[in-house]
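# Coordinate analysis (summary)
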Amino acid sequence: MLDLKAIRDDPEAFRLGLARRGAAGELDGLLSLDERWRTLTVRVEELRAEQNRASREFGRASPEERENRIASLRSVSDELGRLEPELADAAAEVEAVLARLPNLPDPSVPDGETDEDNAVLREVGDRPELGFEPRDHVDLGLAIGGMDLERAARTSGSRFVYLLGPFVWLQLALLRYALDRATSRGFLPVIPPVLVREEAMYGTGFLPTDEAQIYVTRDDDLYLVGTSEVPLASLHQGEILEEGDLPLRYTGYSTCFRREAGAHGKDTRGMFRVHQFDKVEMFSFVRPEDSGEEHDLILSIEEELVGGLGLPYRVVNVCTGELGASATKKYDIEAWFPGQGRYREITSCSNTTDYQARRLETRVRREDGNRPVHTLNGTAVAMSRTIIAIVENHQRQDGSVALPESLHPYLPDDLRILRPRG
RNA sequence: GGGAGGGUGGCCGAGCGGACGAAGGCGUCGGUCUUGAAAACCGAUGGCGGGGCGACCCGCCCGUGGGUUCGAAUCCCACCCCUCCCGCCA
């Protein structure tokens, strides 16, 4: 949510920022709705003040006097009865428009529509020189016995997977690997609820914008989260935090559910894009002036995690067209996937400034008043894609995969090399 | 799932149609006193929004949303949440 008062004070700044995201069209409408709301507010509050004054006197009045006063009180009450619904409508309209406006992009974000417009900041690590035609994760995973896609399709449909044996151990090793590194940097591990109320989805900015991507339960009005960002951000909903308690850092492990509507035909092979996967996420609540620095910290942890797995990657500054509604700026780490012959997103971190905090009413107590905190989120490890990247990058001619040393402490002793069966 | 009782300020807790943003206590912060501290005493202590250049003024908030009423923390309805008992259950 943008700051309505700030929009009033400097509409042109918002017009410019929103225009970069193709969302400036609603601004004039918003300003006139706001004008109407304020006019009505002034009138309604005058009437209420009068009613309160008269009502206080009424309490002291004698029974005879009361009879005389009821008529004038009723006329005030009647006018309020007419105006209050108008005021409520105006407020709801302002709210509805405001809720749809995305966060302003940071000046350093490149303009653009698709991932081809993202700015590549750096490439790190050498792509593996395999000396043979690389197999993709489906061929490798099936041979190793780490996954079953056909039976998953029979059970649940396309874009689902049974992880089996070696890939299960690998995923659990990745979990410990990610948690160890995140907690060593001060992030508290959390296993959050994955079914959440509408307010949590709204508060994090996934509703109303991304409704088509979200699974909803039929009888309970609960939403399945697409990322633990949602319950982590909601952890301090409605709270006023003490400045000395910030930053608050959490790392959540959860399953993530995504409908992938509109992705028909995209990444249909294997488990690169699935409806359900597990992910370790980092989430920070910080003082407003610290969010830029925190964003760099989260990115550096992500680079450490990806780099530590021996995966070649590049860092991109995501363009305006690819930003989520709540983000002012987003870095993606794209790992090299030999099976696809290109870089693909494997982690992502966003600075959402005060956008989510304003919706969730998470504030910090300050001398000069309570202000929304800033929130940030970033992937520690997205399990399915990371498993894919590992097996594709560390594959060997015979179809075996040498797992990176950084995972050895977390793996069963006989599983440092994944071998094709039979 | 069945039954019972509850949700009031940072916390505890009174209020159960009219002067209530709400008694009292605790906590916190100032002050008096003291060599210092404690105790005692005095005072201050919520959030959100609107208006005004401003000192300020006004409105809203007693789980949430509706309703009754000239007037609702208080009465009615729906929903949410918590606690206890029974049943079921990882």
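My aim in this report is to walk through the structure given alongside it, one point at a time. For every chain, the first residue of the written sequence is number 1, and numbering continues from 1 onward in sequence order. Key to labels: chains lettered from A, ligands numbered from 1, both in the order written. A pLDDT threshold of at least 70 governs which residues receive local features in this predicted model, and a stricter bar of 80 or more applies before side-chain atom pairs are shown or counted, although totals over entire chains, interfaces and linings include all residues. For the side-chain quantities, the full set of heavy atoms in the structure was used; hydrogens and water were omitted.

### Concerning the sheet that holds strand β1 (residues 119-124)
Strand order in the open sheet formed by 8 strands is β1-β11-β12-β13-β16-β10-β9-β4, and the pairing between neighbours is mixed. For this open sheet the edge positions go to β1 and β4 (188-190), each flanked by a neighbour on one side alone. Here the average twist between neighbouring strands, direction ignored, is 25°. Any two strands with at least two DSSP bridges between them are considered paired. Under the DSSP-based scheme used, a helix requires at least four consecutive residues in state H or I and a strand at least two consecutive residues in state E, with every element numbered from the N terminus. Axis definition: a line fitted to C-alpha atoms, over the contacting stretch in the case of helices. Angles run 0 to 180 degrees between N-to-C directions.

### Side note on the sheet that holds strand β5 (residues 195-196)
Judged by pairing direction, the sheet is antiparallel, and its 3 strands sit side by side in the order β5-β7-β6 without closing on themselves. A single partner strand is all that each edge strand has here, and the edge strands are β5 and β6 (215-216). Where β5 meets strand β7 (residues 223-224), 2 bridges bridge the pair, whose relative direction is antiparallel. Pairing of Val196 across the sheet is with Tyr223, part of β7.

### A word on the pattern of salt bridges
Here, a salt bridge means any Lys or Arg side-chain nitrogen found within 4 Å of an Asp or Glu carboxyl oxygen. Applying the stated rule across the entire model yields 31 salt bridges. With a shortest N-O distance of 4.0 Å, Glu93 and Arg36 are connected by a salt bridge. Of this pair, Glu93 sits in helix α4 (residues 63-100) while Arg36 sits in helix α3 (residues 27-60), and the two are 57 residues apart along the sequence. Residue class for Arg36 comes out partly exposed when judged on its relative accessible area of 35%. Between Arg273 and Asp267 there is a salt bridge, with the nearest N and O atoms lying 2.8 Å from each other. Given the relative accessible area of 15%, Arg273 is considered buried. What emerges from the salt-bridge pattern is a single network uniting Glu243, Arg287, Glu289, Asp290 and Arg366. Per-residue accessibility, obtained with a 1.4 Å probe over protein chains only, is compared with the maximum for each type, and a residue is labelled buried under 20%, exposed over 50%, and partly exposed between these values.

### Examining the nonpolar core
Core analysis: the biggest nonpolar cluster contains 55 residues, and Phe167, Leu170, Leu174, Val280, Ile390, Leu407 and Leu418 have the highest contact counts within it. Residue contacts follow a heavy-atom distance rule, with two residues in contact if any of their heavy atoms lie within 4.5 Å. Setting aside anything within four residues of it in sequence, one finds Leu170 in contact with Ile387, Ile390, Leu403, Leu407, Leu411 and Leu418. Only buried residues count toward a nonpolar core, which is a set of Ala, Val, Leu, Ile, Met, Phe, Trp, Tyr and Cys residues joined through side-chain atoms within 4.5 Å. If you look at the next biggest cluster of nonpolar residues, it comprises 15 residues, including Leu4, Leu18, Leu27 and Leu98.

### Topic: a nonpolar patch on the surface
Patch building starts from residues that exceed 30% relative accessible area and form no salt bridge, then joins like charges within 9 Å and nonpolar side chains (Val, Leu, Ile, Met, Phe, Trp, Tyr) within 5 Å. Every accessible area reported is derived by Shrake-Rupley at a probe size of 1.4 Å, with residue values counting cover from the shown protein chains alone. On the surface, a nonpolar cluster with roughly 260 Å² of combined accessible area is contributed by Val168, Trp169 and Leu172. If you trace the backbone, Leu172 turns up in helix α7 (residues 165-184). What makes Leu172 partly exposed here is its relative accessible area of 39%.

### So, helix α2 (residues 11-20)
Listing the buried residues of α2 in full gives Pro11, Phe14, Gly17 and Leu18. Along the long axis of α2, the arc covered by the buried residues comes to 130°, so they all point the same way. Where α2 terminates, the next one or two residues include Gly22, which has phi positive at roughly 65°. Read the arc as the range of directions from the helix axis to the C-beta atoms.

### Let's talk about the protein's contact with RNA strand B
Residues are classed as near a molecule or strand on a simple rule: at least one heavy atom within 4 Å of it. Around RNA strand B, a shell composed of 21 residues is seen, among which Arg8, Arg38, Phe58, Arg74 and Arg363 lie nearest. For RNA strand B, the fraction of protein-proximal atoms (within 4 Å) that sit in sugar or phosphate groups is 75%. Within the side chain of Arg8, one N or O atom sits 2.6 Å away from a phosphate oxygen of RNA strand B. The definition of a polar contact used here is a pair of N or O atoms within 3.5 Å, where within protein one atom must be able to donate a hydrogen and the other to accept one, and adjacent residues in sequence count solely through side-chain atom pairs. Take Arg363: an N or O atom from its side chain is 2.9 Å from a phosphate oxygen of RNA strand B. When residues of the surface near RNA strand B are traced back to their parent elements, those giving at least two are α1 (4-9), α3 and α4. Ten residues, namely Ala, Val, Leu, Ile, Met, Phe, Trp, Tyr, Cys and Pro, are considered nonpolar, four, namely Asp, Glu, Lys and Arg, are considered charged, and the remaining ones, Gly among them, are considered polar. Its residues assigned to classes, the surface near RNA strand B comprises 5 nonpolar, 6 polar and 10 charged.

### Things to note about the packing of aromatic side chains
Pairing of aromatic rings covers Phe, Tyr and Trp, the last through its six-membered ring, and needs centres within 6.5 Å; plane angles under 30 degrees mean stacked, over 60 mean edge-to-face, and all others mean tilted. Throughout the structure, instances matching the rule amount to 4 aromatic pairs. With 5.1 Å between their ring centres and 70° between their planes, Trp336 and Tyr343 make a pair best called edge-to-face. Across the pair, Tyr343 and Trp336 agree in class, each one buried. Every member of this aromatic cluster is reached through a ring pair, and the members are Tyr250, Phe283 and Phe285. By the criterion adopted, a ring carries a charge over it if an Arg CZ or a Lys NZ lies within 6 Å of its centre and within 35 degrees of its normal. In this structure, Arg385 packs its charged tip against the face of Phe272, placed 3.8 Å from the ring centre.

### Let's talk about the side chain of Asn103
With respect to the helices and strands, Asn103 occurs in the loop between α4 and β1. For Asn103, a relative accessible area of 5% gives the class buried. Apart from the residues lying within four places of it in its own chain, the contact partners of Asn103 are Leu2, Arg21, Ala325, Ser326, Ala327, Thr328, Thr352, Thr353 and Tyr355.

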